[in-house]
Structure formats: structure tokens, C-alpha cells
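Coordinate analysis (summary)
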Amino acid sequence: CTQNEDFLNLSKVFQDTLVIEKIIEGQNVLPGKHANTQIPKFVGLARRYELTGDQTDYQGAVNFWDIMVKHHSYVTGGNGNHEYLGDPDKLNNELSDNTTETCNVYNMLKLSSHLFTWNGDPKVLDYYERALFNHILSSQHPESGHVIYNLSLDMGGFKVYQDPEWFTCCVGTGMENHGKYGKNIYYHTNNDLIVGQFMASELNWKEKGVQLRQTTYFPEEESSVIEILNEKPVRFNLKIRYP
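Keep in mind the model is a prediction, meaning the values are calculated, not measured.

Now for the overall build of the protein chain. Across its full length, the protein chain carries seven helices and six strands. Ordering the α and β elements of the protein chain from the N terminus gives α-α-α-α-α-α-α-β-β-β-β-β-β. Since a compact globule built from 243 residues should have a radius of gyration of about 18 Å, the 19 Å found for the protein chain is in line with a globular shape. If one aligns the C-alpha atoms of the protein chain with their principal axes, the spans along those axes are about 55 × 50 × 35 Å. For the protein chain, contacts bridging at least 24 residues in sequence account for 55% of all contacts bridging at least 6. If you sum the accessible surface of the protein chain, you get close to 13,500 Å²; carbon and sulfur atoms cover 52% of it.

With antiparallel pairing, three strands are arranged side by side in an open sheet as 3-4-5. Strand pairing shows two members of the sheet lacking a second neighbour, strand 3 (201-205) and strand 5 (225-228), which therefore form its edges. In this sheet, adjacent strand axes meet at a mean angle of 15° when their direction is disregarded.

Now for the packing of aromatic side chains. Applying the stated rule across the entire model yields nine aromatic pairs. For the ring pair Trp-65 and Tyr-127, a centre distance of 5.8 Å and an interplane angle of 85° mean the geometry is edge-to-face. Of the two residues, Trp-65 is situated in helix 4 (residues 55-71) and Tyr-127 in helix 6 (residues 122-136); the sequence distance between them amounts to 62 residues. Accessibility classification places Trp-65 together with Tyr-127 in one group, the buried group.

This part takes up the sheet that holds strand 1 (residues 186-188). In spatial order, the strands read 1-2-6; together these three strands make up an open sheet with mixed pairing. In this open sheet, the two edge strands, each paired with only one partner strand, are strand 1 and strand 6 (237-240). Direction aside, neighbouring strands of the sheet carry axes that sit 20° apart on average. Relative to strand 2 (residues 192-195), strand 1 runs antiparallel, the two sharing three bridges. Bridge pairing in strand 2 places Tyr-186 opposite Val-195.

Turning our attention to helix 5 (residues 102-119). With 18 residues, helix 5 extends 26 Å between its outermost C-alpha atoms, agreeing within 8% with the 26 Å of an ideal straight helix rising 1.5 Å per residue. Among the 18 residues in helix 5, 14 count as buried, and that is most of the element. In the segment just after helix 5, Gly-120 is the residue with positive phi, at about 60°.

About the thresholds
- Residues numbered from 1 in each chain as written.
- Predicted model: local features only at pLDDT ≥ 70, side-chain atom pairs only at ≥ 80, totals over all residues.
- Heavy atoms only, no water.
- Helix = DSSP H or I, 4+ residues; strand = E, 2+ residues; numbered from the N terminus.
- Rg over C-alpha atoms; globule rule 2.2 N^0.38 Å.
- Contact = heavy atoms within 4.5 Å.
- Areas by Shrake-Rupley, 256 points an atom, 1.4 Å probe, with all protein chains shown as cover.
- Pairing = 2+ DSSP bridges.
- Axes fitted to C-alpha atoms, helices over the stretch in contact; angles between N-to-C directions.
- Phe/Tyr/Trp six-rings, centres within 6.5 Å; stacked < 30°, edge-to-face > 60°.
- Buried < 20%, exposed > 50% of the residue type's maximum accessible area, 1.4 Å probe, protein only.
- Expected span 1.5 Å × (residues − 1).

If you want it as C-alpha cells, here you go:
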């Protein structure tokens, strides 16, 4: 944080008030709009709230997340058909070979990460899990490493993997996605360690002197084993998300 108000004022110059102010008021003005044009606006709003404490920015980010997740997202956690948002709660006729752009999910996960650190709401991590496992994990070819632009949800649909030489936005974020799996498994406060995702991983919470290992084959299996590995006893609260 630079403490330079010029940057704060500049952010307001670029703010899309026609969309953002309506969302702050709780109005859904997203139908018919390009999906991934909207999401970064509210990621920016979330970050500005963290820097300034402006409650209108907070309300805008929370309202947008609720509208997108509850009214414009498929069961996979993705959203959009041919890159655009349709009418709320009417997705059965919005199925094609160009549903759920990967960049949308990339940005929705960014926004979700911000929101969870504010209020610790497990429903945010439930959505994060759904989008991470159903879309992001499935978006990369296990052998070539190529990624997909859109995850087709149409009957008889299939994945189309992009040649990285034919560059699109979802190649760029698509490569970044698969280096970030460890980013949002664990969270902590001064005395609470939160297990947010069920993924095989190891954690070293240096400030608290806690070392932890999680072993699981989720989603292929329904269990996860958590081991505390630190040499000396440490008193802290271990909080595990109940899916």
C-alpha cells in the first residue's frame, strides 16, 4: 500500500459506475453482459475495500459474488455461455460447446479468496471447491499440459485443448491456474488454523510452530487424514470445513 491517494482517485476514474452502483444497491444488471468483463471490476473493488475499509466497496463485492454464484453459475462453478451472461436462474437453455470460460472461474476464485478472509463463511469455500475440482482441475490435458478456453456442458460436448502458440486469455490464466492449488487450502488467524480444502498437502505454520500433513485422494475417496507433525506441543484451534 503506497498511501498515495492519487492511485485511489485513479481507481475511481476507471470505475464502471453503471454496473457497480447497481450491484451495490442489490440490483442484478448482469444479464446480457460479457461475463469476464465484470468479474475483475469486483476483484478490484474487493482489494480497494481491504485498503480503505470502504463499506460500499465491501457490499459491492459481496453482492456481486452472491448474484454470480447463486443465479448465474452452473453446477461446475463456471458461468457464461459464449462468454455472456443470460437471465438469472435460467441455465437449462444456456448449454453449448462454449459454456463456462476458464478465465471467468479464474477470476471468481480470486474474488472468493478475498471474501473468505473477511467473514470466514464456509459457503465461499464450498463454491471454491466446486469450481476448483470441476472446472480448473479438468481444464488441463494430463499429458500435453494444454488447457481449454471453454468447458462444454452441452449434451455430447467435449473439451477442445488449445495450442499455446495460438494464444488466448485462457492460455495465460490457464497455465497460472495449475500452479495455485496450494494457495487456498489453509487459512489462519492468531490462534485458529482452518482446513478449507481437502487436498493432499503439507503445511508449515512458522509463526505458531505447527506442522501438518493432509493425506487424501479426494474426490476419488471420501476421507482425508490430518496429522500434526510438530515436535513440541502447541495449543491452537483446528477448524475443518464441513462440506
